[in-house]
Number of protein chains: 2
Amino acid sequence: MEEEETERVDLILTGAVVATANDDFDLYENGAVAVRGDEIVAVGPAAEIAERYEAAETVACGGRLVMPGIINTHTHVPMTLLRGLANDRRLDVWLMGYMMPVEREFVNPEFCVLGTQLACAEMIRSGVTCFVDMYYYEKDIARATAEAGMRALCGQTILKFPSPDAASYEDALGYTREFIKEWQGHPLIAPAIAPHAPYTSTPEMLRACIDLATEFGVPIHTHFAETKLEVEESLQNYGMRVVPWVEQHGLFEAKVLAAHCVHIDEDEMRTMQRYGAGVLHCPSSNLKLGSGIAPVAAMLAHDLNVGIGTDGPASNNNLNMMEETHLAAMLAKGATNDPTVLPARQVFAMMTRKGAQAIHMDHLTGALEPGKRADLIVVDLSALHNWPPFTAEPDAVYAQLIYSAQAGDVTDVMCNGRWLMRDRALLTLDEEAVRAAALALAAKIDAFVIAREEDLFSKLVAIGGLEREESYEIQVKGRLPRPDVIADLLRHEDINIVHRSHYRQYDTYFLFDDPDMGRIRLREDAFINEDFQVTRVRARLTFTEPGERQALPDTVMLSRARFMAPADRSRRFYREYFRPNREYEIHKERRRWHVDYKGERIYVNLDTVTKPAIAGTFLEIKSRTWSRHDAERKVKLISEMLDILGVSRDQLFLEEYIDFIPDHPEE
Amino acid sequence: MEEEETERVDLILTGAVVATANDDFDLYENGAVAVRGDEIVAVGPAAEIAERYEAAETVACGGRLVMPGIINTHTHVPMTLLRGLANDRRLDVWLMGYMMPVEREFVNPEFCVLGTQLACAEMIRSGVTCFVDMYYYEKDIARATAEAGMRALCGQTILKFPSPDAASYEDALGYTREFIKEWQGHPLIAPAIAPHAPYTSTPEMLRACIDLATEFGVPIHTHFAETKLEVEESLQNYGMRVVPWVEQHGLFEAKVLAAHCVHIDEDEMRTMQRYGAGVLHCPSSNLKLGSGIAPVAAMLAHDLNVGIGTDGPASNNNLNMMEETHLAAMLAKGATNDPTVLPARQVFAMMTRKGAQAIHMDHLTGALEPGKRADLIVVDLSALHNWPPFTAEPDAVYAQLIYSAQAGDVTDVMCNGRWLMRDRALLTLDEEAVRAAALALAAKIDAFVIAREEDLFSKLVAIGGLEREESYEIQVKGRLPRPDVIADLLRHEDINIVHRSHYRQYDTYFLFDDPDMGRIRLREDAFINEDFQVTRVRARLTFTEPGERQALPDTVMLSRARFMAPADRSRRFYREYFRPNREYEIHKERRRWHVDYKGERIYVNLDTVTKPAIAGTFLEIKSRTWSRHDAERKVKLISEMLDILGVSRDQLFLEEYIDFIPDHPEE
């Protein structure tokens, strides 16, 4: 051996099992890593490193595992502050009924900073050194992340509808441009543009994102094909699946990283592979929200770069990448009935070098090799749940890490050459202050949600679309002795028919045990033409407050105060969102005339109740009203109309159908 | 309030969130539990308990969660000592290639005691107070468990073939009878009979198990329908699925608890429900071994008692019930595309009261209610990954436990009124001694596996069935100038044809880079009749040791030493078990004659090589030999036969087909 001069470095980690995740997956049983500044200088057998380098500090690892820092390739970090707020609900109810309303109320720069701090603390504890984010106010998220010392690709969300930080997508793009200029070139933060998903984008919006991305050379972070519904709607609207649609709109002109890809086919995999797009696989979130199981084994067979992500902590419910990689390994085997797919070393690659490739950051991180940034962690594999160790299999250490180890086994974390955790103590974050602030905010969110849950009106407002108009009506209702008496009214000289319609009305009542809650009616109308063909369908929600019913002279009533909104979601959504104690359906066939009688607009309905089936034909005469005086005048007119029809007052009743029908559940 | 006299108890846990898992799932935000001896005396609001009871010791829980001890409903505890030994392999390779050979070598009472101690330590750390086992030497497992202070249902394995602790099932039954007598009535241990699975039982064996179970009133613990293959074979062999078959054989005369049930249909669910049989759901193991995803949501809809189990740590690879319940919740949602199934509180029930019902131990454990044994745990839900807490949803604490919490959050564990862990310190086990002993044993197992892996002969022996005979042959091989010259030989006056056959021979060679390894040939012969119909198929393995080839005078060779075994498993099995570096196939069509020539049995083969396709017809003349002297005599006879055929010596070659074929991978 010739004499060599030793080179000076800042730090040597030695006496470790070093899993490099380099091209050859070199593994050193008694290995060492030399670090200078933010950079890895050398990796190799401990003796060799000791011979070649002299270090200001040497850390003896006592046989622990040293490996690249874990990469969480997809998350929404501030959502730590919504963790566990709503569970066991379908994606639309969870997202539109809970996450978005709460976000509209609470998300601001301070929320994002605090949520990021909580997330960074949790992720550092579980061995993550780098993550990919998508949220609002990414400038603040970037700042909090850089202060915590972590590496991140921060994707500023862009949506075709208003968001907490932008009234329009143009505003969001403007913010994103500033954000990129401010942070591009930072040693820890890489800015990215995050059009949320194809179905929340317009082609123009996507085009603007692509142009911005190519102008600055930053990647685009988005969601693809998370649910089957998304693919079905893409097929229906555009005649093609998600990946061909975004390809047609030029998305792959930019570097792309796409979360989920639960429902992509082999052709879409080939397309993504051809463009070098990364897949961010989030198994927990896909399971928890019932989205399905991504075909990861097939993706890897197509040589796609697949990383693993936790998704936001609100749909996970943690940021535990050890749990996530464990799940990724297990799930792929179970889903394909093939225990040989995603073997431990391949999953280790996904949490390190392959993850870095998927997010276009493999020039910086994901492997322990000279020239890469010093992003590394120390893992103690000696806990009971990892015991005893076997060495017969060459991949034994990877199997321990993937199949047995827990996040709590991570003891030390370094990012960019800086220690973020030593001996399980966080060095860059004030854990107690963050916890206290999060607790205080959670109490406010709790109060908001509780108040809303107790009040159907607020719940309606929270999901948007409510027309805050109130509608007061006077109404008379009765059984007609013979249906054809209606003809007498309609041909009367004082009556002018303005409009006529014929529809089947399907009412679903959501009823609550608490009498103060009021009730929600989902009304779906199917309009029928002269050939009894359905020509159009319309759905509306009505919220009726309790206790506003008033009797007027001549048995005409002033109806309850009501609030209406178009119902653009499914009955199932409303059921799961409002969670009624009981549900009741009334179907009727209605012929309806808008008439003018002595200068007032009056509505005449002729109804047959088909569910529950009730014999006979019912008459309703209604008019809108605005004042007591106006109501009294209209009552008089309606009374005259009843006389024309020859309907006696004892055939009338005050109740609405749901209150009148004998087997109605409130009876 | 009337004055009441306070009652004396041993211990009050107070200031806790108490999740009772009783009939009404009562939850006390500031609750307490009173314990006397091994029994829970009262559960309720802290103030109420303080008023009614006076305790020798009061433990303030500081707002932590107190809940019933977790029940691990299916495992094989001593397999902690095989944890992580073999991974990413198919069930048959993993079980028959690794687990069973190592068990045959190492499992004895000491192994079982040590493995149980390691398992108990790990399980206590993750909040388990009760488990259900199935293994060998259950007397020793019961003893180690009772010493560790845990509750267990211990199922003594019974198999139709020899096992580490019994040469026959009759021996196993005798052992089991003794085991039951010895342990029945113990405060912690409940003995059970564990016929391993329907496919490893005979009807007589099952009958004997049922009779023993009903004689002593102990339950039967078994595996049902773990793989699709098991169901397919049941349908093929018995014309019915697994559950109807065991029903027909009377299994449900006993109390049954059945692990896995991955592939049972709705009718089988109804049958199991009718008999009150418990299902032991093991999601990790089912995924890791590629067995599939059990239809748990449907089982619960059928009102089956479903508990959750880790299965043995060798197929998991840990005994972490927090991870397992988390997975059970997530997986059921993903598999059904319905995030509303298995909501958090239901999964909480599965880990406690429903688990206890599934294992027929709900009279003792699974809920915090007066009269039940004091099996309880304290969980700290304040770690970062659980933070912040929300209370808006009534099930929030269950959601934290199921979706965010980690095994390491368990701080204290009590079983049968005795503390097993306080402040994360184990009280009944010497953790360091167990770890050291396990490490020493693992080194021996490693050495055994490594030696075996380096030696194909040992690997062949390990999976059984090898005929340990050695076969030496002399052989001559050559290209025939014209195929019909064979007729000259067969009609020769000194030749007596004893037997003739015609078959297609498909050889798969498993080749290794290491020249010392030798090679494995899987030979599959399809015998053909005069109409070229395949009449019979036979498969054999041949192991050829390296370097035994010898040239003899007259270009006849003494072949390599070879070992043969019938090949009763698939090519896929052997490929995954032997893990060759390369694989090569040779197909030939062979006509074969057994002839007697001058008193010696000689084999004459006329071969056409079809894969790779080689022009011409090849002749082989072979004979078995036992000594140098015998070989020389037979060489002379074969030489005479070559003369009869008119084959010149320069048409012969020494190599076997695989060595001779030009594009053979070793060239």
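On a predicted model such as this, the values are computed, not experimentally measured, just so you know.

**Focus on the overall build of chain A**
Move 1: In terms of helices and strands, chain A carries 21 helices and 29 strands.
Move 2: If you line up chain A on its principal axes, its C-alpha atoms span 120 × 50 × 50 Å.
Move 3: Of all 667 residues assigned to chain A, the portion counted as buried reaches 62%.
Move 4: Surface exposure of chain A reaches about 24600 Å², of which carbon and sulfur atoms provide 48%.
Move 5: If you average the places of the 71 positive and of the 104 negative side-chain charges in chain A, the two averages end up 8 Å apart.

**A word on the relation of the copies chain B and chain A**
Between the two chain copies there is a screw-like relation: a rotation about an axis and a shift along it.
Move 1: Rotating chain B by 179° and translating it 0.2 Å along the rotation axis places it on chain A, where the RMSD comes to 0.4 Å. In short, the pair behaves as if placed about a two-fold rotation axis. Minimal C-alpha distance to the rotation axis in chain B is attained by B:Gly408, lying at 3.6 Å.
Move 2: The fraction of interface residues of chain B whose copies in chain A are also interface residues reaches 100%, indicating that both copies meet through the same surface.

**Examining the interface of chain B and chain A**
Move 1: The interface of chain B with chain A comprises 72 residues on the first partner and 72 residues on the second.
Move 2: Together chain B and chain A conceal approximately 5800 Å² of surface at their shared face, both sides included; 58% is due to carbon and sulfur atoms.
Move 3: When the area that chain B buries against chain A is broken down by residue, the three leading residues are B:Leu384, B:Trp387 and B:Phe390, summing to 14%.
Move 4: Between chain B and chain A we count 8 salt bridges in total.
Move 5: A salt bridge links A:Asp338 to B:Arg90, with the shortest nitrogen-to-oxygen separation between them at 3.3 Å.
Move 6: At the junction of chain B with chain A, the criterion picks out 40 residue pairs in polar contact (both at pLDDT 80 or more).

**Examining the nonpolar core**
Move 1: Ranked by internal contacts, the top residues of the largest apolar core, which has 314 residues, are A:Phe224, A:Met272, B:Phe224 and B:Met272.
Move 2: With near-sequence residues (within four places) excluded, A:Met272 lies in contact with A:Phe224, A:Val243, A:Phe252, A:Ala258, A:Cys261, A:Ile264, A:Ala277, A:Gly278, A:Val279 and A:Leu304.

**Observations regarding the environment of A:Ser382**
Move 1: Positionally, A:Ser382 belongs in the loop between strand E14 (376-379) and helix H15 (396-404).
Move 2: A sequence separation of 60 residues divides A:Ser382 from A:Met322, and the C-alpha atoms of the two residues are 16 Å apart.
Move 3: When residues no more than four places from it in sequence are discounted, the contact partners of A:Ser382 are A:Trp387 and B:Arg435.
Move 4: Here the side chain of A:Ser382 touches A:Asp380 through a polar contact of 2.7 Å, side chain to side chain.

**Quick notes on the packing of aromatic side chains**
Both the distance between ring centres and the angle between the ring planes are used here to describe each pair of aromatic rings.
All names here are of chain A.
Move 1: A complete count under the given rule lists 24 aromatic pairs over all chains for this structure.
Move 2: With centroids separated by 4.9 Å and ring planes inclined at 50°, the aromatic side chains of Tyr-135 and Tyr-136 adopt a geometry described as tilted. Both residues of the pair, Tyr-135 and Tyr-136, belong to the buried class.
Move 3: Both rings, one in Phe-348 and one in Tyr-398, keep their centres 4.7 Å apart while their planes meet at 40°; by these two values the pair is tilted.

**With respect to the side chain of B:Arg83**
Move 1: Within the secondary structure, B:Arg83 sits in the loop between strand E6 (70-75) and helix H2 (91-106).
Move 2: A residue is classified by how much of its surface remains accessible, and B:Arg83, at 2% relative accessible area, is buried.

**A few points about the packing of helix H13 (residues 344-351) of chain A against H15(A)**
Residues and elements named next belong to chain A.
Move 1: Relative orientation of the contacting elements H13 and H15 amounts to 70°, with a least axis distance of 8 Å. Put simply, H13 runs roughly perpendicular to H15. Touching Ala-344, Arg-345, Val-347, Phe-348 and Met-351 of H13 are Tyr-398, Ala-399, Leu-401, Ile-402 and Tyr-403, all from H15.

**Here we look at the domain arrangement of chain A**
All names here are of chain A.
Move 1: When its domains are assigned, chain A resolves into domain 1 (7-63), domain 2 (68-449) and domain 3 (465-660).
Move 2: Just the C-alpha atoms count here: the centres of domain 2 and domain 3 sit 51 Å apart.
Move 3: On the domain 3 side, the residues contacting the 7 residues of domain 2 number 6 residues.
Move 4: Carbon and sulfur atoms supply 48% of the area that domain 2 and domain 3 bury against each other, a total of about 690 Å² over both sides.
Move 5: Counting the surface domain 2 buries against domain 3, the share from its top three residues, Arg-90, Val-93 and Met-96, is 54%.

Cut-offs applied
- Residues numbered from 1 in each chain as written.
- Chains lettered and ligands numbered in written order.
- Predicted model: local features only at pLDDT ≥ 70, side-chain atom pairs only at ≥ 80, totals over all residues.
- Heavy atoms only, no water.
- Helix = DSSP H or I, 4+ residues; strand = E, 2+ residues; numbered from the N terminus.
- Buried < 20%, exposed > 50% of the residue type's maximum accessible area, 1.4 Å probe, protein only.
- Areas by Shrake-Rupley, 256 points an atom, 1.4 Å probe, with all protein chains shown as cover.
- Lys, Arg positive; Asp, Glu negative; His and termini not counted.
- Charge placed at Lys NZ, Arg CZ, Asp CG, Glu CD.
- Least-squares fit on C-alpha atoms with pLDDT ≥ 70 in both.
- Contact = heavy atoms within 4.5 Å.
- Buried area = accessible area lost by both parts, 1.4 Å probe.
- Salt bridge = Lys/Arg side-chain N within 4 Å of Asp/Glu carboxyl O.
- Polar contact = N/O pair within 3.5 Å; in protein donor to acceptor, adjacent residues only side chain to side chain.
- Core = buried A, V, L, I, M, F, W, Y, C linked by side-chain atoms within 4.5 Å.
- Phe/Tyr/Trp six-rings, centres within 6.5 Å; stacked < 30°, edge-to-face > 60°.
- Axes fitted to C-alpha atoms, helices over the stretch in contact; angles between N-to-C directions.
- Parallel < 35°, antiparallel > 145°, perpendicular 65-115°, else oblique.
- Domains from an automatic or database assignment.

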